[in-house]
Amino acid sequence: MTLDQTEVDRAILQALSSVGGSASRKQLKNIIATSDDIPFSYSDVYDPVVSKAGNQYVPFDFYFNFGIRELVVTGYVEQVERGQDVNLSEKRRSIGYADFPRPRERKQIDQFWTEKHRLNTAKAKAEGKAHIEEPEGDAVNDDNIDNWRIQLIAQLKQFSPQKFESFARLLISKMGVRIDKNLGIVMSNDQGIDGFGYFESDEFRTSRVAI
């Protein structure tokens, strides 16, 4: 199953509800991995992958810890101290989780990550070096590159097709590719090609690029 942040958030709520509203992170992951009522398999939760740098990590750990943060921000879960159990908040115990996040809660989540990014950027500038946000939690693999990649993919998945295409073209342009406005999308048998552009290297060579 492809990991989706919203589905992971709901799975955490469902797992918490099934045990009365309180459990350790380890217990929650085990419930999510083994419950027939939660749409994640044991493999989804525990299988590791190897990054390009050769480091092994478990993708679900990132989504899980980001999910705990989002549930705290929206008031479904009490503030979690390191090493302590995760607890449903009293006011949220009677509210269902099937339609999580509601519009107001989505806004809270977006504002939280926007502010987090702003603070991290300011900190990085102050320190004169790049800073990558790390998820909180127990024994999460310290692979910052893969952490950043997963956050980026989660954001990209929220784009509409039109917004994604616009983003992709902007990204390609920022990489120095001059997009050919006369060669549009090939509608059939294009193997996913959305257009063409040209890249001029330092050796005064021009290469044609398929987008």
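Each remark here, short or long, concerns the structure printed above.
A. Main features of the overall build of the protein chain. Looking only at helices and strands, the protein chain has seven helices and seven strands in total. Here the protein chain holds 211 residues, and 35% of them are scored as buried. Put simply, 49% of the contacts in the protein chain that link residues at least 6 apart link residues at least 24 apart. Of the roughly 13,300 Å² of accessible surface on the protein chain, a fraction of 51% belongs to carbon and sulfur atoms.

B. Broad picture of the sheet that holds strand β6 (residues 196-200). Judged by pairing direction, the sheet is antiparallel, and its three strands sit side by side in the order β5-β6-β7 without closing on themselves. Both outer strands of the open sheet, β5 (177-179) and β7 (206-210), are each paired with one neighbouring strand and no more. Between one strand and the next, the sheet's axes are offset by a mean angle of 30 degrees, whatever the strand orientation.

C. Summary view of the pattern of salt bridges. The final tally for this structure, using the stated rule, is six salt bridges. Across the pair Arg 106 and Asp 110 runs a salt bridge whose closest N-O atoms are separated by 3.4 Å. Here Asp 110 and Arg 106 lie together in helix α5 (residues 103-127), a separation of four residues that amounts to about one turn. Glu 115 is the salt-bridge partner of Arg 118, the closest N and O atoms lying 2.6 Å from each other.

D. Focus on the environment of Gln 111. Along the polypeptide, Gln 111 turns up in helix α5. Overall, the relative accessible area of 47% leaves Gln 111 in the partly exposed class.

E. Here's a closer look at helix α1 (residues 5-18). The first and last C-alpha atoms of α1 sit 20 Å apart over 14 residues, in line with the 20 Å expected at 1.5 Å per residue. Within the sequence span of α1, burial applies to Gln 5, Thr 6, Val 8, Asp 9, Ala 11, Ile 12, Leu 13, Gln 14, Ala 15 and Leu 16. Residues of α1 that are buried in the fold lie against β1 (22-23), α2 (25-34), α4 (59-73), β4 (86-87) and α5. For α1, the side-chain oxygen to backbone nitrogen distance between the N-cap and Thr 6 is 3.1 Å, and the N-cap itself is Asp 4. Following α1 by one or two positions, Gly 20 has its phi on the positive side, about 85 degrees.

F. Region of interest: the environment of Tyr 42. For Tyr 42, the position within the fold is in helix α3 (residues 42-46). Residues Tyr 42 and Ile 32 lie 10 residues apart in sequence; the distance between their C-alpha atoms is 7.9 Å.

G. Broad picture of the side chain of Gln 14. Inspection of the secondary structure assignment puts Gln 14 in helix α1. A distance of 3.0 Å separates the side chain of Gln 14 from the backbone oxygen of Asp 37, its partner in a polar contact. Contact partners of Gln 14, with chain neighbours within four places excluded, come to Asp 37, Ile 38 and Tyr 97.

Definitions and cut-offs
Chains are numbered independently. Their residues run from 1 in the order of the written sequence. Thresholds applied to this predicted model are a pLDDT of at least 70 for local features of residues and 80 or more for the giving and counting of side-chain atom pairs; totals over whole chains, interfaces and linings are not thresholded and use all residues. Excluding hydrogens and water, the side-chain figures rest on all heavy atoms present in the structure. Going along the chain from the N terminus, every DSSP run of H or I of four or more residues is numbered as a helix, and every run of E of two or more is numbered as a strand. Only protein chains enter the accessibility calculation, which uses a 1.4 Å probe; a residue whose area is less than 20% of its type maximum is buried, one above 50% is exposed, and one in between is partly exposed. Throughout, a contact is declared for two residues whenever any of their heavy atoms are within 4.5 Å. Each accessible area is a Shrake-Rupley estimate made with a 1.4 Å probe; only the visible protein chains count as cover when residues are assessed. Note on pairing: DSSP must find at least two bridges between two strands before they are called paired. Lines fitted to the C-alpha atoms define the axes, with helices restricted to the stretch that makes contact. Angles between their N-to-C directions range from 0 to 180 degrees. A carboxyl oxygen of Asp or Glu within 4 Å of a side-chain nitrogen of Lys or Arg is what we treat as a salt bridge. In this analysis, the expected span of each helix is defined as 1.5 Å times one less than the number of residues it contains. Under the rule applied, a polar contact is a pair of N or O atoms within 3.5 Å (in protein, one hydrogen donor and one hydrogen acceptor; residues adjacent in sequence only if both atoms are side-chain atoms).

It is worth stressing that arrangement in space is one thing and function is another; only the former is reported here.
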